[in-house]
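Each chain is listed here by its residues.
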Amino acid sequence: MPTKKNKSTLPRLRLGAGWSYAPAPESAASARINEQYELFINGKWQKPAKRAYIDSINPATEKKLYRAAVASEQDIDKAVVSARTAFDKYWKKMPANERGKYIFRIARLLQEQARELSVMETLDGGKPIRESRDFDVPMACNHFFYYAGWADKLEFAFPNRAPRPLGVAAQITPWNFPLLMAAWKIAPALATGNTVVLKPAETTSLSTLKLASIIEEADLPPGVVNIITGAGDTGAALVRHAGINKIAFTGSTAVGKLIQQQTAATTKKLTLELGGKAANIIFSDAPIDQAVEGVVNGIFFNQGHVCCAGSRLYVQESIAPLFIQKLKDRMATLLVGDPMDKNTDIGAINSAEQLEKINYYIRLGKKEGSLHYESAVALPKKGYFCRPTLFTKVAQSSRLAQEEIFGPVLAILTFRTEDEVIEKANNSPYGLSAGVWTDKGSRIFNMSRRLKAGVVWANSYNLFDPASPFGGYKESGYGREGGVHGLLPYVSF
Ligand code: NAI
Ligand code: MG
């Protein structure tokens, strides 16, 4: 309990059971946020040609945080030309071990400035500080470290072949893991000798702009990495530019399909990492308490703003009532609120539009006849928040079970046999990830072979490692990021 001395003016986080934690807020002071950010082109911060800017807010307070330049065609052209010049003049000629040293330097600087980056990520995007501090930022560092190591060992990644860089890579990232997605894209591109023009999402550009200043500090040759900001129009113009050789996109399936159409008659190489509707499958012999924790982590982690979120839960019929009760009990203890508070489990939804989309699906689920349940946690008055929610009695064919919601909303279905659940799990337009919980090793091997998903976690969920590839089947996209596989989309032979 707080004493008089450390009494805070912040609202206290309340648990369903009626007790609460004293606030433990991270200080926002460690992040030096400018009022306005320009475009990082050719190693310099440049004003956008049209002098247009876009505001980004803190979704937990709805207050404006900074404004970022909107790049138009003219700016994009400048960025692509500088990336091409940097490719011809410096990057493709540089000895590979020297290239590796630059990537190492980025990793070290990221590590040094980890605290500021975590605070920026949380203020701009709404995710709990615990996650940005313990997951996003360290994982982004790890990706740079990992790919720095590959730079001078490509002959071992592709034995008896001679990998060559493609040239200029255009990269577009989403708002759910801004810094981490930038790392997934920039690190392998640089390691293989490509230069980069990257556009972050308009609601969460801050950590990527900070990464640009780290790249500046790391003294990379000008133009090797260019960061341009702006919304969908900027992304579309970058995709259209004739001077790029490769596109790496992470985001919605709708935009992914558009990009696919636009690049169909070109020589631009394309990798897409799109949506998901992952099946998390619990067999009756699973370690139940661990599985409950895994399900909570799978869907409520990062407010469910996760393409590989375990948003469809399949529980074997015999344990369904017990499992659902335990899950509800655990949900009652989840704290929703100030993302800067280290106690918070579920932070702010990234934008008003995304919250509206989630609420639309909650209304739809009720209309479709599924049973709605949400925890009783109190929500802050300001900002975009959503209670952890689940639906039972969900039909396999319902939209709740088929469509990506991208929020803390779990659809629960049941099954009897292994064959039945494989058929149900694979009955989805998506195929990014899945989870299997069982005591039986042979069942894990059987399931992971037959589930059409890029990643299958066994007795765990949402585990990541830079050495492990990630990517989808079907409408979840194609190409892999991470691991040796993540080098392939950036080379030709
Ligand atoms: P989005 O696909 O519009 O945005 C992703 C990125 O693409 C952003 O940087 C955006 O500025 C850019 N972009 C938008 N239109 C573009 C175009 N025509 N050409 C090139 N780039 C373009 O995603 P949005 O609208 O922010 O989210 C909508 C839904 O997409 C979410 O509710 C969620 O279901 C899904 N989504 C999935 C993600 C994933 O990691 N797979 C990430 C973000 C969203
Ligand atoms: Mg923002």
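Residues numbered from 1 in each chain as written. Chains lettered and ligands numbered in written order. Predicted model: local features only at pLDDT ≥ 70, side-chain atom pairs only at ≥ 80, totals over all residues. Heavy atoms only, no water.

(A) Region of the structure containing the overall build of the protein chain. Of the regular secondary structure elements, the protein chain holds 15 helices and 24 strands. Taken against the 2.2 N^0.38 rule, which gives 23 Å for 493 residues, the C-alpha radius of gyration of the protein chain at 23 Å falls within 12% of a compact globule. A burial count over the protein chain gives 57% of its 493 residues as buried. Long-range contacts, defined as pairs at least 24 residues apart, comprise 75% of the intrachain contacts of the protein chain with a sequence gap of at least 6. Accessible area for the protein chain stands at about 19900 Å²; split by element, carbon and sulfur atoms hold 53% of it. Separation of charge centres in the protein chain, based on 61 positive and 47 negative side chains, amounts to 1 Å. (Helix = DSSP H or I, 4+ residues; strand = E, 2+ residues; numbered from the N terminus. Rg over C-alpha atoms; globule rule 2.2 N^0.38 Å. Buried < 20%, exposed > 50% of the residue type's maximum accessible area, 1.4 Å probe, protein only. Contact = heavy atoms within 4.5 Å. Areas by Shrake-Rupley, 256 points an atom, 1.4 Å probe, with all protein chains shown as cover. Lys, Arg positive; Asp, Glu negative; His and termini not counted. Charge placed at Lys NZ, Arg CZ, Asp CG, Glu CD.)

(B) Structural detail: the site of ligand 1. Surveying the vicinity of ligand 1 reveals 25 residues, the closest of which are Trp-175, Glu-202, Ser-252, Leu-274 and Lys-357. Here Lys-199 contributes a side-chain N or O atom positioned 2.8 Å from an oxygen atom of ligand 1. In this structure, Gly-251 approaches ligand 1 through a main-chain N or O atom, which is 3.3 Å from a nitrogen atom. Out of a free accessible area of 800 Å², ligand 1 has 85% covered by protein chains. With respect to the detected pockets, ligand 1 is housed in the largest pocket. (Near = heavy atom within 4 Å. Polar contact = N/O pair within 3.5 Å; in protein donor to acceptor, adjacent residues only side chain to side chain. 1 Å grid on protein atoms, 1.4 Å probe; cavity = no way out; pocket = protein on both sides within 12 Å on 5 of 7 lines; lining within 4 Å. Sits in = over half its atoms within 2 Å of the grid points.)

(C) Structural context of the packing of helix 2 (residues 96-112) against helix 6 (residues 178-191). Where helix 2 contacts helix 6, the two axes come as close as 10 Å, and the packing angle between them is 160 degrees. What the angle tells us is that helix 2 and helix 6 run roughly antiparallel. Note on packing geometry: the crossing formed by helix 2 with helix 6 is left-handed. Across the interface between the two elements, Arg-99, Ile-103, Ile-106 and Leu-110 of helix 2 pack against Leu-179, Ala-187, Leu-190 and Ala-191 of helix 6. Classifying every residue of the contact of helix 2 with helix 6 gives seven nonpolar, no polar and one charged. (Axes fitted to C-alpha atoms, helices over the stretch in contact; angles between N-to-C directions. Parallel < 35°, antiparallel > 145°, perpendicular 65-115°, else oblique. Left-handed = near helix turned anticlockwise from the far one by under 90°. Nonpolar A, V, L, I, M, F, W, Y, C, P; charged D, E, K, R; others polar.)

(D) Quick peek at the layout of surface pockets. The space that makes up the largest pocket amounts to roughly 770 Å³. In this structure, the largest pocket is lined by 36 residues; those nearest its centre are Trp-175, Phe-249, Gly-251, Ser-252 and Val-255. Among the elements of the structure, helix 8 (232-240), strand 12 (246-250), helix 9 (253-263) and helix 12 (352-367) are those that each provide at least two residues to the lining of the largest pocket. Of the residues belonging to the lining of the largest pocket, the class tally is 16 nonpolar, 14 polar and six charged. Counting the residues that make up the lining of the largest pocket, at least three belong to each of domain 1 (31-273 + 473-492) and domain 2 (279-458). (Points joined across faces, edges and corners; volume = space filled by probe spheres on them. Domains from an automatic or database assignment.)

(E) Here's a closer look at the packing of helix 10 (residues 288-300) against helix 11 (residues 320-331). Two elements in contact, helix 10 and helix 11, have axes separated by 10 Å at closest approach and are oriented at 55 degrees. Classed by the angle they form, the pair helix 10 and helix 11 counts as oblique. Handedness of the crossing formed by helix 10 with helix 11: right-handed. For the pair helix 10 and helix 11, contact is made by Ile-288, Asp-289, Ala-291, Val-292, Glu-293, Val-295, Val-296 and Phe-300 and by Leu-322, Phe-323, Lys-326, Leu-327, Arg-330 and Met-331, respectively. Its residues assigned to classes, the contact of helix 10 with helix 11 comprises ten nonpolar, no polar and four charged.

(F) Local environment of the side chain of Glu-121. Secondary-structure assignment places Glu-121 in helix 3 (residues 114-125). No salt bridge forms around the buried Glu-121; measuring N to O, its nearest opposite-charge neighbour Lys-127 is 5.4 Å away. Looking at Glu-121, its side chain comes within polar contact range of the side chain of Ser-207, at 2.6 Å. Non-local contacts of Glu-121, meaning those with residues more than four positions away in its chain, are made with Gly-126, Lys-127, Ser-132, Asp-136, Phe-177, Pro-178, Leu-179 and Ser-207. (Salt bridge = Lys/Arg side-chain N within 4 Å of Asp/Glu carboxyl O.)

(G) A look at the confidence of the model for the protein chain. Confidence along the protein chain averages 96 in pLDDT terms, with 96% of residues attaining 70 or more. In this model, residues 1-8 is a region of pLDDT below 50 whose contacts with residues beyond four sequence positions or in other chains number four contacts. (pLDDT = per-residue confidence, 0-100.)

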